[in-house]
Each structure stands twice: as C-alpha cells, then as structure tokens.
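As a plain string of letters, each chain reads:
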Amino acid sequence: KLIGLPYILGGNYGDLGDIYGNKAEGTDCSGLCQWAYYDAGLMESVGLSGRWVTYTMIEHATAIDISDARAGDVIFMNFSSPGVPEHVVLVASVDGNTVTIIEAQQPDTNILERTITYDSSTMDVRRLL
C-alpha cells in the first residue's frame, strides 16, 4: 500500500503519525515496518510499545536463518558496529538467497519493492512474531 510514497525520517503513515504524534506525509525504514504490522492488525502481537526504531526492533526480534524467512520478517543491515543496524527492510518473499523486500531507503526517495541477494556477513534476518 505504501510503495511509491515518500521516505521521511521519523515519519509513519496513517493513525500512527510521526514521532511527534502528527499525521505524517511519509515514513522511514523502521516506521514502514511498524506501519505494515499495524495495517495487518499484528502490532500488538509483536509486544513493542511506542514508536519502533531499528535498534529496539533488532533487540526484540528473534534471529532466524534465511531459509526459514517468510513475508513479514525483517532484515537488518548497514551496521555501524556489531548488533547496531542503521537500516531495516521488510521481507516480501524469499527464494533461496534472493529476497524481495519493501524498503524506505533514504531521504528524497520513494518507498519501493526490489530484489536483493541476502548476505549473512552483512545482513541479519529476524522475526518479530
């Protein structure tokens, strides 16, 4: 539903609003994941309260192997130090190490769907539920 809409740091669509509680005109990477779980009616099941950020998501999520990944799982990447990711994407589908993701990449871009090759040396796939 959000593909093609803009990336905005700290933003989150719909009833979730931005980090200040205002309706947002866009979302960032962690906000995209939170919105997807909210839209699917699963946010409460995850057990994270308040605004999700990449750092709290990785601490809460359970590490899984890419062979077990499915739609709705998340992949953390761009680590600034061990266990500290700077980016998270939402898994749409998996075929071996080829993963279709939904991503809010960076400012001045729109949310998109694209295919990546999973690399366990630079990425960490996890499950929130």
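Note: the structure precedes this text.
Residues numbered from 1 in each chain as written. Predicted model: local features only at pLDDT ≥ 70, side-chain atom pairs only at ≥ 80, totals over all residues. Heavy atoms only, no water.

A.B. asks: Just checking my understanding: could you explain the overall build of the protein chain for this structure?
C.D. replies: Counting secondary structure elements, the protein chain contains three helices and six strands. For the protein chain, whose C-alpha radius of gyration is 14 Å, the value lies close to the compact-globule estimate of 14 Å for 129 residues. Taken over the C-alpha atoms alone, the protein chain extends approximately 40 × 30 × 30 Å along its principal axes. For the protein chain, restricting intrachain contacts to residue pairs at least 6 apart in sequence, the fraction spanning at least 24 positions comes to 45%. Total accessible area computed for the protein chain in this model is approximately 6700 Å², and 49% of it derives from carbon and sulfur atoms. Here the protein chain contributes 7 positively and 17 negatively charged side chains, and the mean placements of these two sets differ by 4 Å. (Helix = DSSP H or I, 4+ residues; strand = E, 2+ residues; numbered from the N terminus. Rg over C-alpha atoms; globule rule 2.2 N^0.38 Å. Contact = heavy atoms within 4.5 Å. Areas by Shrake-Rupley, 256 points an atom, 1.4 Å probe, with all protein chains shown as cover. Lys, Arg positive; Asp, Glu negative; His and termini not counted. Charge placed at Lys NZ, Arg CZ, Asp CG, Glu CD.)

A.B. asks: Just to check I follow, could you spell out the state of the cysteines for this structure?
C.D. replies: A covalent bond between the sulfur atoms of two cysteines is what we call a disulfide. Considering all chains together, one arrives at zero disulfides under this definition. Free cysteine: Cys 29, not disulfide-bonded; nearest cysteine sulfur from Cys 33 at 6.9 Å. Taking relative accessible area as the criterion, Cys 29 reaches 7% and is therefore assigned buried. For Cys 33, a relative accessible area of 0% gives the class buried. (Disulfide = S-S within 2.5 Å. Buried < 20%, exposed > 50% of the residue type's maximum accessible area, 1.4 Å probe, protein only.)

Function cannot be read off these values alone, since they describe shape.
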